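Below are the chains, spelled out letter by letter.
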Amino acid sequence: MLLQLSALACMTCLSGHLAWQDTDPSPAAEAPANYTEEDFLSRTRRLTFEGKRAGEGYFDPSGTLMSFQSERDPENPFYQIFVLDLSTGDVEQVSPGKGKTTCSFINPADTNQVMYASTHHDPETDRLMREELDFRASGQERRYSWDYDPQFELYVTERDTGETTRLSHALGYDAEGSYSPDGKLLVFTSNRHAFSEELTAEEQAKLEIDPSYFLDLYIMNADGSNVRRLTDVPGYDGGPFFSPDGERVVWRRFTEDGLLADIYTIKIDGTEERRITDFNAMSWAPYFHPSGDYILFASNKLGFSNFEVFAVDALGEKEPVRITYTDGFDGLPVPMPKGDQMVWTSSRHADGTGGQLYMAQLSNEAILAALEAAPPRNSASADSTQAKAPVEVPEADFKRTVRDHVEFLASEGLEGRLTGSEGERLASEYLAAHLKLLGAQPLPDEDDLLVPFEFTAGMEDGGTEISIATGSDTETFTGDPATLTPLSFSDSGTVSGEVVFAGYGIKVPDSSEFPYDSYHGLDVKDKIVVALRYFPEETEGEFRQTLSQFSPLRFKAKHARELGAKALVIVTGPNSPNAGETVPMRFDTSLSGSGLVAVSLGGEAADALFAAAGLELEKLQAGLDSGNPHVSGQALEGLEMTISTTIERERKIAQNVVGVLPATTGDKASEYIALGAHYDHLGHGAGGNSLARKGEDGQIHYGADDNASGVAAVLEIAETISQLRIARPRPVMVAFWSGEEMGLLGSAAFAKDNPVPMEDIAAYVNFDMVGRMKDNRLMLQGIGSSPGWARLIEKTNVPVGFDVKTSDDPFLPTDTASFYPEGIPVIHFFTGAHEDYHRPTDTPDKVNTEDLERIVRFGAGLTRQLIHADERLEYAQVERTADQNAPARGVRAFTGTIPDYTQEAKGLALSGVIDGGPADKAGLRGGDVIVEFAGQEITNIYDYMYALDSIKIGEETSVTVMRDGERVEMTLIPEARD
């Protein structure tokens, strides 16, 4: 049970009690919700990123400064105290840097002073730090539990000088302190009396087991004088804060057994104690709203480890109202002084790390209305919680906005900016003109901002024929889409030879848990191999998934070539999806073939082939479909085949647009900060990557979000950087890539040709699909490429205010993939997939210009930090997972789901579903999180891809999703891809 809570930020004083609790204190189930989190909170965003955990944010009276605690020093395993400037993102450490610290508060009367509890004076501090570091280095883990160290004392530090003054001087736990609104008083939690008074033997034993049992509230003058005790009851009293008028204190009180806690208030003279909640749960961390009308607190009313934020009226006359509705811990809520925002500690990022600070706009009006409508405390509903023509390139000028850029690049005249097209040329001229306006110069060895590269623009069948000879009889088939097509990776040539049927043509390595070899016992050297498309149909579970991984046609061709085959003939068996159909000759951007002739044979021709050998394909396939490794292929005796094919590949020239804003000072002129975005798209969608629906074929794919939005962002960031009136110690390389949609062609050519040595690029920042922000979420991917990204993100985002979601994985299907393997730290900006992705409906009117401009602010701020950093970012090697190292999947099942890559959830979050697709028909919708699919648990997109390997086309497949906090089960019938 505490394993879940170990991810929290400060579990001060709570986890000590939870360590003794083994049962859920609140078995009552939640009633159907009438409210959602969005009713009370908006623009939710993560505030801190650095370190193992962070939490407990408290503001100065202006709301400009926030003190908090964080574990972010690799040399100290315990919390230290920091102050964050919310206007700049700057963070300063105010605690001494050794020992344990907790529970800070900025003096309202003098914001230069920060009060907190610390053990740094303890002579055992260094030893305790070493022991904890050694323990963590051993790979062991302990349950997170606050230890109520009796060496904790209250201190105040002057931020400007670092001078630290000790305020308390008594053995025992003195912590959890806060100032009165006028800064004259301090209220805190202490068990000092248990160390100074004579205890009975029973009490002494209790102190050794559970020191929190003796905690009570104390109050004193801000200088540490005139200490007096406010409460004196058995069990823990702690976490006190003053009311806005300074006349009362709110705190949490546990029952003597430590199983339940409720919220109380008391006057500062120790009189008029008032119980605010009777919630039958662990309710703690209360804090008054500045209006004084209500109190925010956290509770696990909905389940032992499911802490959420609630609000309750200041007199405790009504049942509390639930405020947060997101998986993970949500607690320690603190409103800003104006009352319009709230900061709290949460683990909703669900990445297995500890809690971090989050911030959101707070609707005071909505909370008051909900409290007014709430039932009286202890009413019958107390156990429920509320829920409820020719194109002219415009002249470059500084007046053009991000919307102007998007509208031109995604205009009808550019016809989708297909690589190598007239639309791409017009776009490249537009981008080069704007870079020149900003003062950008060509790369050192280039004469122009346009940097050309050659690529394969298309291919077509230049003539394919196959002849099957049996004795004196010969049957010939010529190329047409239904009968015979060359595979896109085929070599051109004419080959003849004996024919061998190699089953499904799959070879799984012997080292695998499920080895499988279609070629076992077969000699295919200098022969023509015939193989079935896909993989054995009747296999199940992990065996089926393994076979699927090794079934892509390029993989089959590679293995046939390695065994010495002259050619590969693929047939789609009568028991397979797309039975009897040829494999479409899709566009393939490979610069060469596969090393052998490869064709696809239609069902009628395939039947004739096997009949000539006295065999029936349907029976042969049925024997193979069980996956029995002892059922193998065979030579097609008496047959000889001749295949002749010509693949005509069209070669074209495309343009990258690359300019440099030179360094203006310093000794870092060879350390480039690179900004990039691809500007190409799909033209009219004929390239094979279109997701156009019925009736959309052949239409312009405008690519407003993908990726006119990213290009617009980079242009505006470059303009911001060019106009800064401060020196640039590092140059900025601004790059717009073509050919990304065809396989990262432009950026890959750049990395290969090295017009700038890769070691001279200090960092690469990429923007791809940043124009469709939802719910204030910005995804920053690839940050595992450097340990320095987290701090830069945190500092940059504080004044901008995104709900940033991060991902360590740098192995991304975008242009960062051309730079990370070269030893360059990368980061990728992304706002998520949507139903218009790769369709003609991705149009400029759907781009969220307001948030795109905020992304520009964020990108410019991040770039400025990279330009002026004392040292370049450290590169980190991220190991590819087994999923990433697996062969390319031949996924053949179509479900019509659209993943939401900005949503961090345990499962596969969906941003939407394709209209009329299997998911749509099954009842799935955007916002659902798939947690089970085909009987398999889904925790991420890799699990989902594996599960797709195991399902069968046309058969009912179970799907379980989380929807509005509840599990919903559905049945989906997958369809076959082409």
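Residues numbered from 1 in each chain as written. Predicted model: local features only at pLDDT ≥ 70, side-chain atom pairs only at ≥ 80, totals over all residues. Heavy atoms only, no water.

1. Looking at the environment of Asn776
Formally: Put simply, DSSP H or I for four residues or longer makes a helix, DSSP E for two residues or longer makes a strand, and each gets a number counted from the N terminus. When checking whether two residues touch, look at their non-hydrogen atoms; a contact exists if any pair is within 4.5 Å. Polar contact is defined as a pair of N or O atoms within 3.5 Å, subject to the rule that within protein one atom must be able to donate a hydrogen and the other to accept it, and that residues adjacent in sequence are counted only when both atoms are side-chain atoms.
Relative to the assigned elements, Asn776 resides in the loop between β37 (761–767) and β38 (777–781). The sequence separation of Asn776 and Glu871 amounts to 95 residues, and the corresponding C-alpha distance is 32 Å. Not counting residues up to four positions away in its chain, the partners in contact with Asn776 are Arg43, Thr44, Arg45, Gly801, Phe802, Asp803 and Arg854. Within the local environment of Asn776, its side chain forms a polar contact with the backbone oxygen of Arg43, the two atoms lying 3.4 Å apart.

2. Points about the nonpolar core
Quick reminder of the rule: Take the buried Ala, Val, Leu, Ile, Met, Phe, Trp, Tyr and Cys residues and link them wherever side-chain atoms come within 4.5 Å; each set so joined is a nonpolar core. Classification of residues uses two cut-offs on accessible area relative to the type maximum, computed with a 1.4 Å probe and protein chains only: under 20% is buried, over 50% is exposed, and between them is partly exposed.
Phe736, Phe767, Trp789 and Phe829 are the most contacted members of the largest nonpolar core, which totals 63 residues. Per-element tally for this core: the top contributor is helix α13 (residues 704–722), with ten residues. Of all hydrophobic cores here, the second largest spans 53 residues; its members include Phe82, Val250, Ala285 and Phe329.

3. Concerning the packing of α13 against helix α16 (residues 849–868)
When two helices pack together, their arrangement is given by the angle between their axes and by how far apart the axes lie. Our working rule: Axes here mean lines fitted to C-alpha atoms, for a helix over just the part in contact, with angles spanning 0 to 180 degrees between N-to-C directions. Each angle receives one of four descriptions, namely roughly parallel if under 35 degrees, roughly antiparallel if over 145, roughly perpendicular if within 65 to 115, and oblique otherwise. In this scheme the handedness of a crossing depends on how the near helix is turned from the far one: anticlockwise by less than a right angle means left-handed, clockwise means right-handed. Residues are grouped as follows: nonpolar covers Ala, Val, Leu, Ile, Met, Phe, Trp, Tyr, Cys and Pro; charged covers Asp, Glu, Lys and Arg; every other residue, Gly included, is treated as polar.
It is the contact of α13 with α16, at a shortest axis distance of 9 Å, that shows an interaxial angle of 50°. It follows from the interaxial angle that α13 and α16 lie oblique. α13 and α16 meet at a crossing whose hand is right-handed. Facing Ser709, Ala713, Glu716, Ile717, Thr720 and Ile721 of α13, the residues of α16 in contact are Leu852, Val856, Gly859, Ala860, Thr863, Arg864 and Ile867. Taken together, the residues of the contact of α13 with α16 break down into seven nonpolar, four polar and two charged.

4. As for the sheet that holds strand β5 (residues 91–93)
Adjacent strands of a sheet pair through backbone hydrogen bonds, lying either parallel or antiparallel. Stated formally: Note on pairing: DSSP must find at least two bridges between two strands before they are called paired.
Taken in spatial order, the four strands of this open sheet run β2-β3-β4-β5, and their pairing is antiparallel. The sheet is open, and its two borders are formed by β2 (53–59) and β5, each paired with just one other strand. When the angles between neighbouring strand axes are averaged without regard to direction, this sheet yields 30°. Pairing of strand β3 (residues 65–71) with strand β4 (residues 80–85) involves six bridges; the strand directions are antiparallel. Bridge pairing links Ser67 to Val83 in β4.

5. Comments concerning helix α14 (residues 745–753)
Of all the positions in α14, only Leu745, Gly746, Ser747, Ala749, Phe750 and Ala751 are classed as buried. A positive phi of about 55° marks Asn754, the residue just after α14.

6. Digging into the packing of helix α7 (residues 402–409) against α16
With their axes 10 Å apart at the nearest point, α7 and α16 run at an angle of 110° to one another. When the axes of α7 and α16 are compared, the pair comes out roughly perpendicular. Side by side, α7 and α16 meet where Val402, Arg403 and Val406 of the first sit next to Thr849, Leu852, Glu853 and Val856 of the second.

7. Here's the deal with the packing of aromatic side chains
Note on aromatic pairs: each is described by the distance of the centres and the angle between the planes. Put simply, the rule is: The aromatic pairing rule takes the rings of Phe, Tyr and Trp, using the six-membered ring of Trp, and pairs them if the centres are within 6.5 Å, calling planes under 30 degrees apart stacked, those over 60 edge-to-face and the rest tilted. Two conditions define a charge located above a ring, namely a distance within 6 Å from the ring centre to NZ of Lys or CZ of Arg, and an angle within 35 degrees of the ring normal.
Scanning the model with the defined rule gives 37 aromatic pairs in all. For the ring pair Phe408 and Tyr430, a centre distance of 4.4 Å and an interplane angle of 25° mean the geometry is stacked. Taken together, the residues Phe408 in helix α7 and Tyr430 in helix α8 (residues 422–437) connect sequence positions 22 residues apart. Exposure class is identical for Phe408 and Tyr430. Each is buried. Put simply, the rings of Tyr58, Phe105, Tyr179, Phe241 and Tyr287 touch in pairs and so form one group of aromatic residues. The cationic tip of Lys206 hangs over the ring face of Tyr213; the distance from NZ or CZ to the ring centre is 4.7 Å. The cationic tip of Arg348 hangs over the ring face of Tyr358; the distance from NZ or CZ to the ring centre is 5.8 Å.

8. Details of the side chain of Thr101
Note on placement: Thr101 falls in strand β6 (residues 101–106). Given a relative accessible area of 1%, Thr101 falls into the buried group. Among the polar contacts listed, one links the side chain of Thr101 to the backbone oxygen of Tyr79, at a separation of 2.7 Å. Engagement of the side chain of Thr101 in a polar contact is seen with the backbone nitrogen of Gln80, the distance being 3.4 Å.

9. Topic: the pairing of strand β47 (residues 966–972)
Relative to β47, strand β46 (residues 957–963) runs antiparallel, the two being bridged by seven bridges. Directly across from Ser958, in β47, lies its bridge partner Thr971.

10. Digging into the sheet that holds strand β19 (residues 294–299)
Taken in spatial order, the four strands make up an open sheet running β18-β19-β20-β21, and their pairing is antiparallel. Every interior strand has two partners, whereas the edge strands, β18 (283–288) and β21 (321–322), have only one. Two strands pair when backbone bridges link them, and β18 and β19 are joined in this way by four bridges, in the antiparallel orientation. Paired with Tyr287 across the bridge in β19 is Leu296.

11. As for a negative patch on the surface
Short version of the rule: What makes a patch is a set of residues exposed beyond 30% relative accessible area and free of salt bridges, joined within 9 Å when like-charged and within 5 Å when nonpolar (Val, Leu, Ile, Met, Phe, Trp, Tyr). Throughout, the Shrake-Rupley method with a 1.4 Å probe supplies accessible areas, and for residues the shown protein chains are the sole cover considered. Salt bridge, as applied in this entry: a Lys or Arg side-chain nitrogen positioned within 4 Å of an Asp or Glu carboxyl oxygen. His is not counted, nor are the chain ends; Lys and Arg add positive charge and Asp and Glu add negative charge. By convention, charge coordinates are those of NZ in Lys, CZ in Arg, CG in Asp, or CD in Glu.
On the surface, a cluster of negative charge is made up of Glu475, Glu604, Asp607 and Glu618. Mapped onto the elements of the fold, Glu618 is located in helix α12 (residues 617–624). When its relative accessible area of 43% is taken as the criterion, Glu618 is described as partly exposed.

12. Observations regarding α7
Operational definition: The directions considered for the arc are those from the helix axis to the C-beta atoms.
Three or more residues of α7 are buried, namely Val402, His405, Val406, Phe408 and Leu409. All buried residues of α7 lie within an arc of 165° about the axis, which places them on one face of the element. Its buried side turned inward, α7 meets α8, α13 and α16.

13. Here's the deal with the pattern of salt bridges
Here the structure, examined in full by the defined rule, presents 47 salt bridges. Salt-bridge contacts for Lys98 lead to Asp126; the nearest nitrogen and oxygen are separated by 3.4 Å. With Lys98 in the loop between β5 and β6 and Asp126 in helix α3 (residues 125–137), the pair connects residues that are 28 residues apart, well separated along the chain. Assessed through its relative accessible area of 30%, Lys98 is described here as partly exposed. Between Asp667 and Lys668 there is a salt bridge, and its shortest N-O distance comes to 3.6 Å. For Asp667, a relative accessible area of 68% gives the class exposed.

Purely geometric stuff here, so don't read any function into it on its own.
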